[in-house]
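# Geometric and topological summary
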Amino acid sequence: MATIKKRSNKRFTAEIRKYGQYLSRTFDTKVQAMAWAAETEQSLTPDMLVQGKSLGDLLTRYRDDITPTKKSRRNETNRVDRLLRDSLSDFSLLELRQSHFHQWIENAIKIKKSSSVNRDLNLYSAVFEQGIRWEWASTNPIRGIRRPKNPQPRDRRISDKEIERILDALGFDGENVTGQRHVIAVAFLFALETAMRQGEIWNLEWDDVFLDKRFVRLHDTKNGTRRDVALSSEAVRLLELLKPDSRSKVFATNQQSSGTLFRRCLELAGIEGLTFHDTRHEALTRLARKLQVLDLARMVGHRDPRSLMIYYNATAQEIATQLG
């Protein structure tokens, strides 16, 4: 919108603020100022705002302004940084077309899994949607794009023998906790009992642990709602091994370094194709034998019980044993 201001010298200044730009000019008469403002406003376009801006500039602004507000900020920051290293980031926002992303998909699918490519596309789409709100973009080229087909959901189970090998690699005897490796072992076993996510476990504080009532309270969950997680007697025993005290964190180790150490222990144990998140698959499959579906959905934080099928991976042989 243009504003006309009368100066002390009886001249008139027209000011225009539009598409993030500021223009001004002073005239002898108000009519001249109004005429210039009307003509100039009409000539301004959103393209002028992004003149010289690249996809890399948009990604950088998104990473710095939007990503820090998210729970997944660490992972998203890493993903944005990877995208910034791609040659696509050098393209001008005014030049980018959907065809550029078709070519990007064709190249990316040769070196990445389709699920990873689709996660990158989801991020690109979110970046462009924000770019539209910032008036850095007029369209989202990811809308309607043909995406690669996602693979089948992971169905990695964890056998009792693998659990034993992991605990041996971590040097844990099941009773004594004297170092970081033992804390990781307890966290691993606790995840198998509760189906809690890695971040939920490492963010758990003693103030939210109620051993006498056999539950823990999670405030910062993936779907943004508070959740109470029931504890089995074994889960209670595992927490008691950590000797509750005045420390705020239950698992008083760094999550990132603990994750690195866990992966090294998997290599030491000779176990392939396993991640800490697979404990959620295993735990949910085990819990499904004990709980009704609605109780299970409430415990593990799924609003739609149908989504439990992503994690429920009982084998046909296991199901057959329940048929009698």
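The rules we used
Residues numbered from 1 in each chain as written. Predicted model: local features only at pLDDT ≥ 70, side-chain atom pairs only at ≥ 80, totals over all residues. Heavy atoms only, no water. Helix = DSSP H or I, 4+ residues; strand = E, 2+ residues; numbered from the N terminus. Buried < 20%, exposed > 50% of the residue type's maximum accessible area, 1.4 Å probe, protein only. Contact = heavy atoms within 4.5 Å. Areas by Shrake-Rupley, 256 points an atom, 1.4 Å probe, with all protein chains shown as cover. Core = buried A, V, L, I, M, F, W, Y, C linked by side-chain atoms within 4.5 Å.

## Digging into the overall build of the protein chain
For the protein chain, the count of helices and strands is 14 helices and 6 strands. Residues classed as buried in the protein chain amount to 41% of the 324 residues present. Pairs at least 24 apart in sequence give 60% of the contacts found in the protein chain among residues at least 6 apart. Accessible surface computed for the protein chain: about 18,900 Å², of which carbon and sulfur atoms make up 48%.

## Concerning the side chain of Ser-115
Turning to its location among the elements, Ser-115 is positioned in helix α6 (residues 114-133). The contacts of Ser-115, once residues within four sequence positions are left out, are Asn-150 and Pro-151.

## Side note on the nonpolar core
In terms of nonpolar packing, the biggest core is built from 50 residues, with Phe-188, Phe-190, Ile-201, Leu-239 and Phe-251 touching the most fellow members. Broken down by secondary-structure element, the contributors of at least two residues to this core are α7 (160-169), α8 (180-194), α9 (198-202), β5 (215-218), α10 (233-241), α11 (255-268), α12 (278-287) and α13 (293-300). Examining the composition of this core, we find that 10 residues originate from one element, α8, more than from any other. Leu-58, Leu-83, Leu-96 and Trp-134 belong to the second largest nonpolar core, which has 24 residues in total.

## Observations regarding the environment of Phe-27
Within the secondary structure, Phe-27 is located in strand β3 (residues 21-27). Separated by 20 residues in the primary sequence, Phe-27 and Arg-7 place their C-alpha atoms 9.9 Å from one another. Setting aside residues no more than four positions away along its own chain, Phe-27 makes contact with Arg-11, Phe-12, Gln-32, Ala-33 and Trp-36.

## With respect to unusual backbone geometry
Residues other than glycine seldom take positive phi values, yet Glu-135 does so here, at roughly 65°. Among the secondary structure elements, Glu-135 is positioned in the loop between α6 and α7. With a phi close to 65°, Ala-195 is a non-glycine residue in the positive phi region. Residue placement: Ala-195 occurs in the loop between α8 and α9.

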